[in-house]
Amino acid sequence: MEPKMSIRKGSKVWVEDRDLAWVAAEVIDYGGKQVQAVSVSGKKILSSPGKLLPRDTDEEDHGGVDDMTKLTYLNEPGVLYNLQRRYALNEIYTYTGSILIAVNPFTKLPHLYNVHMMEQYKGFPFGELSPHVFAVADASYRAMMNEEQSQSILVSGESGAGKTETTKLIMQYLTYVGGRAAGDDRTVEQQVLESNPLLEAFGNARTVRNDNSSRFGKFVEIQFDANGRISGAAIRTYLLERSRVVQITDNERNYHCFYHLCASGRDAEKYKLNHPSHFFYLNQSKTYELDGVSSAEEYIKTRRAMDIVGISQEDQEAIFRTLAGILHLGNIEFSPGKEHDSSVLKDQKSTFHIQMAANLFMCDVNLLLATLCSRSIQTREGVIVKALDCNAAVAGRDALAKTVYARLFDWLVEKINKSVGQDLTSRMQIGVLDIYGFECFKDNSFEQFCINFANEKLQQHFNEHVFKMEQDEYSKEEINWSYIEFIDNQDVLDLIEKKPIGVIALLDEACMFPRSTHETFSMKLFQHFRAHPRLEKAKFSETDFTMSHYAGKVTYHTDSFLEKNRDYVVVEHCNLLSSSQCPLIAGLFPSLPEESLRSSYKFSSVASRFKHQLQALMETLNSTEPHYVRCVKPNSLNQPQKFENLSILHQLRCGGVLEAVRISLAGYPTRRTYSEFVDRFGILAPEYMDGSYDEKAIAENILKKLKLENFQLGKTKVFLRAGQIGVLDSRRAEVLDNAAKLIQRQLRTFNARRGFVSTRAAAFVLQAYCRGCLARKMYVIKREEAAALVIQKHVRSWLCRQTYVQLHLTAVILQSSIRGFSTRQRFWHGRKHKAATLIQARWRMYKVRSAFRHKQTSIVAVQCLWRGKLAKRELRRLKQEANETGALRLAKTKLEKHLEDLTWRLHLEKRLRVSNEEAKSVEISKLQKMLESLNLELDAAKLETINECNKNAVLQNQLELSVKEKAALERELIAMAELRKENALLKSSLNTLETKNSDLENELIKVQKESNDTIEKLREFEEKCSQLNHNMKSLEEKVSILEDENKVIRQKALSVTPKSNRPGFARALSEKNSGALVPHSERKLAFDSPTPSKLISPFSHGLSESRRSKLTADRHQENYEFLSRCIKEDLGFKDGKPLAASIIYRCLLQWHAFESERTAIFDYIIEGINDVLKVGDENITLPYWLSNASALLCLLQRNLRSNGFMTPTPQRSAASTGFAGRIGHGLKSSFKYIGFEDGLTHVEARYPAILFKQQLTACVEKIFGLIRDNLKKELSPLLGLCIQAPKTARAHVGKSSRSPSGVPQQTPVNQWDNIIKFLDSLMGRLRKNHVPSFFIRKLITQVFSFINISLFNSLLLRRECCTFSNGEYVKSGLAELEKWIVNATEEFAGTSWHELNYIRQAVGFLVIHQKRKKSLDEIRQDLCPALTVRQIYRISTMYWDDKYGTQSVSNEVVAQMRELLNKDNVNLTSNSFLLDDDLSIPFSTEDIDKAIPAIDPSYIELPSFLSDTPCAQFLCSTPKVEGH
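Residues numbered from 1 in each chain as written. Predicted model: local features only at pLDDT ≥ 70, side-chain atom pairs only at ≥ 80, totals over all residues. Heavy atoms only, no water.

1. Here we look at the overall build of the protein
Here's step 1: A tally of helices and strands in the protein yields 50 helices and 30 strands.
Here's step 2: Buried positions account for 46% of the 1524 residues belonging to the protein.
Here's step 3: For the protein, the proportion of contacts with a sequence separation of at least 24, taken over those separated by at least 6, is 73%.
Here's step 4: For the protein, the exposed area adds up to about 80,200 Å²; of that, 54% sits on carbon and sulfur atoms. (Helix = DSSP H or I, 4+ residues; strand = E, 2+ residues; numbered from the N terminus. Buried < 20%, exposed > 50% of the residue type's maximum accessible area, 1.4 Å probe, protein only. Contact = heavy atoms within 4.5 Å. Areas by Shrake-Rupley, 256 points an atom, 1.4 Å probe, with all protein chains shown as cover.)

Structure, rendered in structure tokens:
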């Protein structure tokens, strides 16, 4: 007896709902047979306990699981809502074990299907990355290669679920990993996809559920050779719906090709076609057009697809002529003839159509009419012609149309297969099956019966596969599963196909008898299967039957079963069309064998033929290893982000997903690793958690404590039967409830005690306050009594004092009155005496003043007359000065004009600015001198005024003597006043002149400033011009170098010499390199004489030519052996100087190899280095030769100068001073830059030397790339361990954490320690070989860039990595890397820390708290500025907190990001959230030359094993080497 779900108040359950299938609810009351629950919407529901299913609330917060076998409760609502949660996050793929469920997003998601995403899934174990169709394709490819067994991928789903698109993606991935074995430019995927428009046009039609429904099954076989390369492909088709050609229902359409042909314009006119509503085969439904689809454009696409497939224009014309003939054939109508049971053409319209049909089929019209209206029967006596009635003629017409179309479709498929190219010798293949899914409509007919039969067969295959997977899982875990029984659908298959009594057999039997009807067929069906549990009679029909399929019950209408199952091949039809003048139509109907000609009819059962095709398909599938993809259509409106529960649940049933769940439930549906099980249920037995760390033992003790039975303990997992996980969760909930109650009890105790303490403290305070109030009142009373006594005392004292003061005041007033009277009397007497004295004084003073004023008036008059005389003189003088002021104004205007002239000259004459400035300064000094003279004149005028004042004083003395002249002076006073006014005017004009002068000075200063600014701008412009000239010169130098190298390459192309093999170098080198490796004296003469006769003359003093060539060959061989030893042996370093590079460079200089026109020594050196790189240990050889090769390259770059390519060629005219002239002008600076003007003698390099420098550059880049690739290979497995925190043992008090095997578990830091050790080892190897810091910096930077890309991409592809604890783990590892970078210093690490930007920001986002409070702008600008919206969206939707249970970002932020992504999907062709690895070489030859310090190869110490070599004796001497 299996344990049942324990229901109690507060249980989280699923409840059935009519509209939503299932809704989440919580139990609020449980009594007896009824359970009351409340849904999330607040609706109260009554249900029986048996109809409730358990629900896990923890999974709702995590956004669903990527593999539904990980669900705590593997049931129908759990599967449904897990898909819904993932679909809301655009996670359209979900696993159910090895089965992939793909939900159609109805929107573009280009980031999921680019090349980089395919690279991520390539070779990765199945299930470790996020679910994807690429993972299924890769698993099938790897299984094929490893097991050498063919594979198959079964893609199923209802119409519109995305089967075709999924098939395209599978083929795209297989083409990516398999490539193409032959040299075809087009991939198999491209060729198959190019044929899709053709197959869709002829095999797809509009149905009620989909505008582009495939009405045939397609099996694409992709064939591979032994190396795993694609060698061919083939397309197999199954059960084309032939009846659709002649019969369609409302809201559906016939095959697309008919509508395309009607909209083809000229072709339609040529075939006498018009609107589809005029043809019987098309107007049975009023739907002629599809939304958003142009039939004319689709016709053009179909013709283009025919061209691509290789169908000739003649065949294309024949194809569309055949289609037009079928349409005209359908418009032929018949009426009863004159004879009994005969038929004739109904009207003139039918005559026109039969004539057109005969013309298009290119056959005789009379014979066509005869084959439609009569039949020939072969008897012993002869041929008997039987007339057909109208119904039989129509049936014959429709049979002809169906036969022609079916054979035309088969011919197209065969043509496509020829175009794609099959490999008949291939032993391995991957088949992709794109077939219709289970169908259940309101009206189900023969087509649905056949389709559902096929799905029953595939479901049986699927069940066997799931059963096998279950067995493999149980066997791998070594558990006992022999008693587990699995129920399959074999009884349904027997019901349908078993002989001699089965539905198909009975149907074929009924079709064999002409008088059989669907009523007789139904009667026999019910008689034979009356007691069968899978078949029953429909309720409201006598002929319809209901069959119980795996996906549910389907009621079939048998009205047209017999007609659709009959597939008569009329001999007259075949004979007629085989004699057609059209080769294509005649080829569709080959000649029939002799025995078939005896009968006019040849019966063929559609159901039987389909059964045989299906059997062949199943045999193919059984011979392969299957993989399953179930496509789901989320809604019937084809809109994104709309999830219809009932429809999807039906599809899950039809797709067999729920059947797989049922199979899992029959065994052990709940499987948990021991660590997960103990993590979740360890609280049920805490006593076992302290004493033992063996997780398997803990799990067993927990299950035994709960008295559960029939569970199994595997090697790594615990297996539970259905319902046991519910019992465990119920007990866990009880433990948690008890713990919660304990916490609540303690909390309530704490709250009560805290309330009591606070109340007691409040009482103490209140009592103290009351006592204080009473004490204060008593104190106030006593204080008032004391105050009253004090007041009384002071009042009495005040009254006595008042009486005393009043008496004293009266006495004083009396005394003061008497004293005041006597004093006033004395005062008035003195006052009168004083007034009389004052009057006398005033009178005397008046008389004296009158006399003085008379004298003063006379003196003033005299003074005025004299001053008037002087004023007239001054007036004349001032008039003269006024005239001089006018001249000054003229001078001012002249000065202004002169200033303008200077300004104009300043702009026009920039080259003479120095002289202008001097002229301006002279003019300014003149003006300043004039101003100074004016100021001096003004000072003189002021002095004269002072002198006049002094003179006036003298005149005043004279006026006292000349009183007589008073009258004359008075007459001149008026004139004097006028002069004063004029003087004032002159002073005011002088002031205005001074202000104008000051303004002029200010303007002059401004002009000077502007001129200075202009001069500064001119200087800046000149500096920019000089900088641009400098840049231009450097560019010209580079262009000149490139031109030189191009000329060298052209010379090489004109004079290519075949390379010699190394074993036979002696003789070949003596002939080919006669001037390359000889002593300098001999070589110089050889270069000077171009003819053979001149070569002989220098050696006429004793050596014969044969002896000389022998000596040269021996010397060459000795030199090559020496170089070979230098390359193969590790010569080491001396004071950081690479000895091998220095020795090779010195030898090449000594042997004058750089100046040789033809030599193979450079090729020998490059080949030697390449051989050493292949043979030696890469960890030692590559850094060693990176150091030596880069040093040798620097020596060549700095000390070689090309000869004959830097200057213009003699053919150019001397007058060409364009680009070549500029190059010549810039040569000096460029040579100075590379060291050609440092006083050293540089080598004139010939073509081989320049080519050697290029080869050496390529060699350095190759070595760098090899080191980088090897580092990535070594680093990849280490990073795979670092991206996810390992499962650490649980920490217990006083116990050390150990694994079940007794070995201490590796701490998380140790994984990162391996990375640190790897980096330390890398740095040690590089520095040991004295690799320049420039290369170390580049390597370390690229290593950290690879770490960033690998960790970041893994984080986005693996949901288990996007957790809070894992973020902390990776963050701690990044901190270790940061310490390493700091210790490595910037010289070697460079900007490595910045290369980790993406993973740092992503991990920082994982570990922040309160993500729901962050807005999108804060996340993009503050937290993750380097990440794109798609990357942030990916992390946000995959994140789950396994440590604190916090949630990800808010729904509003997710909605904003989804809206932005939808806009980006429209604008961008590829917007992957993954990072691409940069494989380019991050430096150039110029960068190496600038970064690496100078190397002096002059003084080197030869190793002991080289010092004895004769050809190396020159290296032991100390003279300065040529070229240095």
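2. Structural notes on the pattern of salt bridges
Here's step 1: Enumeration over the complete set of coordinates arrives at 30 salt bridges.
Here's step 2: Between Glu 439 and Arg 215 there is a salt bridge, with its nearest N and O atoms 3.7 Å apart. Separated by 224 residues along the polypeptide, Glu 439 in the loop between strand E17 (428-434) and helix H14 (446-477) and Arg 215 in the loop between strand E10 (213-214) and strand E11 (217-224) bring together distant segments of the chain. Each member of the pair Glu 439 and Arg 215 is classed as buried.
Here's step 3: A salt bridge links Lys 301 to Glu 298; the shortest N-O distance between them is 3.6 Å. On the criterion of helical spacing, the pair formed by Lys 301 and Glu 298 is a turn pair, its members being three residues apart in helix H9 (residues 295-309).
Here's step 4: Within the structure, one salt-bridge network assembled from shared partners comprises Arg 215, Glu 241, Arg 244, Glu 252 and Glu 439. (Salt bridge = Lys/Arg side-chain N within 4 Å of Asp/Glu carboxyl O.)

3. A short note on the packing of helix H10 (residues 313-330) against helix H11 (residues 348-361)
Here's step 1: The geometry of H10 relative to H11 is characterised by a closest axis approach of 8 Å and an angle of 160° between their N-to-C directions. Relative to H11, H10 is oriented roughly antiparallel. In this structure, H10 meets H11 at a crossing whose hand is left-handed. Listed contacts from H11 to Arg 321, Thr 322, Ala 324, Gly 325, Ile 326, His 328 and Leu 329 of H10 are Phe 352, His 353, Met 356, Ala 357, Asn 359, Leu 360 and Phe 361.
Here's step 2: By residue class, the composition of the contact of H10 with H11 is eight nonpolar, five polar and one charged. (Axes fitted to C-alpha atoms, helices over the stretch in contact; angles between N-to-C directions. Parallel < 35°, antiparallel > 145°, perpendicular 65-115°, else oblique. Left-handed = near helix turned anticlockwise from the far one by under 90°. Nonpolar A, V, L, I, M, F, W, Y, C, P; charged D, E, K, R; others polar.)

4. A short note on the side chain of Arg 244
Here's step 1: Locating Arg 244 in the fold gives a position in the loop between strand E12 (230-238) and helix H6 (256-262).
Here's step 2: For Arg 244, a relative accessible area of 4% puts it in the buried group.
Here's step 3: Side-chain polar atoms of Arg 244 contact the side chain of Glu 252, separated by 3.1 Å.
Here's step 4: Discounting residues that sit within four places of it in the chain, Arg 244 has contacts with Ala 205, Arg 206, Thr 207, Arg 215, Glu 252, Arg 253, Asn 254 and Tyr 255. (Polar contact = N/O pair within 3.5 Å; in protein donor to acceptor, adjacent residues only side chain to side chain.)

5. Digging into a positive patch on the surface
Here's step 1: On the surface, Lys 869, Arg 873, Arg 876 and Lys 951 cluster together to form a positively charged patch.
Here's step 2: Examined against the element boundaries, Arg 876 turns out to sit in helix H27 (residues 724-908).
Here's step 3: Taking the relative accessible area as the measure of exposure, Arg 876 reaches 53% and is therefore exposed. (Patch = residues over 30% accessible without salt bridge, like charges linked within 9 Å, V, L, I, M, F, W, Y side chains within 5 Å. Lys, Arg positive; Asp, Glu negative; His and termini not counted. Charge placed at Lys NZ, Arg CZ, Asp CG, Glu CD.)

6. Structural notes on the sheet that holds strand E4 (residues 44-47)
Here's step 1: The sheet built from five strands is open, its strands ordered E4-E3-E2-E1-E5 with antiparallel pairing. One side of each edge strand has no neighbouring strand; the edge strands of this open sheet are E4 and strand E5 (53-54).
Here's step 2: Two elements, strand E2 (residues 21-31) and strand E3 (residues 34-39), share six bridges in a ladder whose sense is antiparallel. Following the sheet pairing, Val 27 is matched in E3 by Ala 37.
Here's step 3: Docked against the sheet, helix H1 (residues 76-88) engages strand E1 (12-17), E2 and E5, running at close to 130° with respect to E2. (Pairing = 2+ DSSP bridges.)

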